[in-house]
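What the coordinates show
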Amino acid sequence: MIADKISASRREGVERARALPRPLVFTNGCFDLLHRGHTAYLEEARALGSSLVVAVNGDASVRRLNKGPERPINHLEDRMAVLAALESVSLVLAFEEDTPRELILAIRPDVLVKGGDWPVASIVGADIVTADGGRVLSIPFRFERSTTALVRAIRHDLRP
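Rules used in this analysis
Residues numbered from 1 in each chain as written. Predicted model: local features only at pLDDT ≥ 70, side-chain atom pairs only at ≥ 80, totals over all residues. Heavy atoms only, no water. Helix = DSSP H or I, 4+ residues; strand = E, 2+ residues; numbered from the N terminus. Rg over C-alpha atoms; globule rule 2.2 N^0.38 Å. Buried < 20%, exposed > 50% of the residue type's maximum accessible area, 1.4 Å probe, protein only. Contact = heavy atoms within 4.5 Å. Lys, Arg positive; Asp, Glu negative; His and termini not counted. Charge placed at Lys NZ, Arg CZ, Asp CG, Glu CD. Arc of directions from axis to C-beta. Core = buried A, V, L, I, M, F, W, Y, C linked by side-chain atoms within 4.5 Å. Pairing = 2+ DSSP bridges. Right-handed = clockwise from strand over helix to strand, strands pointing away.

Moving on to the overall build of the protein. Within the protein, the regular secondary structure consists of seven helices and five strands. In the protein, the succession of helices and strands from N to C terminus is α-β-α-β-α-α-β-α-β-α-β-α. What you see for the protein is a C-alpha radius of gyration of 15 Å, in line with the 15 Å of a compact globule of 160 residues. Counting over 160 residues, the protein shows a buried share of 45%. Contacts in the protein between residues far apart in sequence, at least 24 positions, make up 72% of those at least 6 positions apart. For the protein, the distance from the average position of its 22 positive side-chain charges to the average position of its 21 negative side-chain charges is 2 Å.

If you want it as structure tokens, here you go:
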């Protein structure tokens, strides 16, 4: 059930993440308008371990990322529910800070991943995961898709 994969609080989310089968893979992002690039990326991330935790930027956090005044388009609860519906996702939790560093410190994943536009050296929490003997990866894009391009296409009635 979708609701079973969504954490109601940070404390509960950290406890649930720590109890998931290892190796534990962690990723994060806004996931505002879920598209094919997101789903392919999340499937690849899950294949790197036994469980996949997805940390989602809260609404205020998304606005601070300067993605545009209309973002996020979908509220946090909706974004989390859509992610939780994916078979590849084990647990979804939210964070309101600008980065998920504190969550990574608390959860201590075995594998930390971001999409191909993130060089490994720039991935927040890479130092934590590698110090614990884990892996940090930037997963190359299989499909050139972005929410920003999708929003632009909708505004101009174009195909993305």
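Next comes the rest of the description.
Here we take up helix α1 (residues 10–19). Looking at α1, one finds that the buried residues are Gly13, Val14 and Ala17. Seen end-on, α1 carries its buried residues on one side only, within an arc spanning 100°. Across α1 from its buried face, at more than 90 degrees, point the exposed residues Arg11 and Ala19.

As a further point, take the nonpolar core. Within the largest apolar cluster, 19 residues are counted, with the highest numbers of intra-cluster contacts made by Phe26, Val53, Leu93, Leu103, Ile107 and Leu112. Counting only elements with at least two residues in this core, the list comes to α1, β1 (24–29), β2 (51–57), β3 (91–95), α5 (101–107) and α6 (126–131). Once residues lying within four places of it in the same chain are set aside, the contact partners of Leu93 are Ser7, Gly13, Val53, Val54, Ala55, Val56, Met80, Leu103 and Ile107. With 18 residues, the next largest nonpolar core counts Val25, Tyr41, Ala45 and Val56 among its residues.

This brings us to the side chain of Ser51. One can find Ser51 in strand β2. Here Ser51 is in contact with Leu20, Pro21, Pro23, Leu24, Val25, Arg46 and Ser90, once residues within four sequence places are set aside.

Turning our attention to unusual backbone geometry. A cis geometry characterises the amide bond from Arg22 onward to Pro23, with omega recorded as 5°. Here Pro23 is to be found in the loop between α1 and β1. Of note, Phe31 is a non-glycine position whose phi angle comes to about 50°, a positive value. In this fold, Phe31 is placed in the loop between β1 and α2 (36–46).

Time to look at the pairing of β1. Here β1 lies mainly inside the structure; six of its six residues are buried. Here β1 shows a buried face lined by Leu24, Phe26 and Asn28 and a second buried face lined by Val25, Thr27 and Gly29. Across six bridges, the pairing between β1 and β2 is parallel. What sits directly across from Thr27, in β2, is Val54. As for the winding sense of the linkage, the β-α-β connection from β1 through α2 to β2 is right-handed. Pairing between β1 and strand β4 (residues 111–115): two bridges, direction parallel. Residue pairing for β4: Phe26 is matched across the bridge by Leu112.

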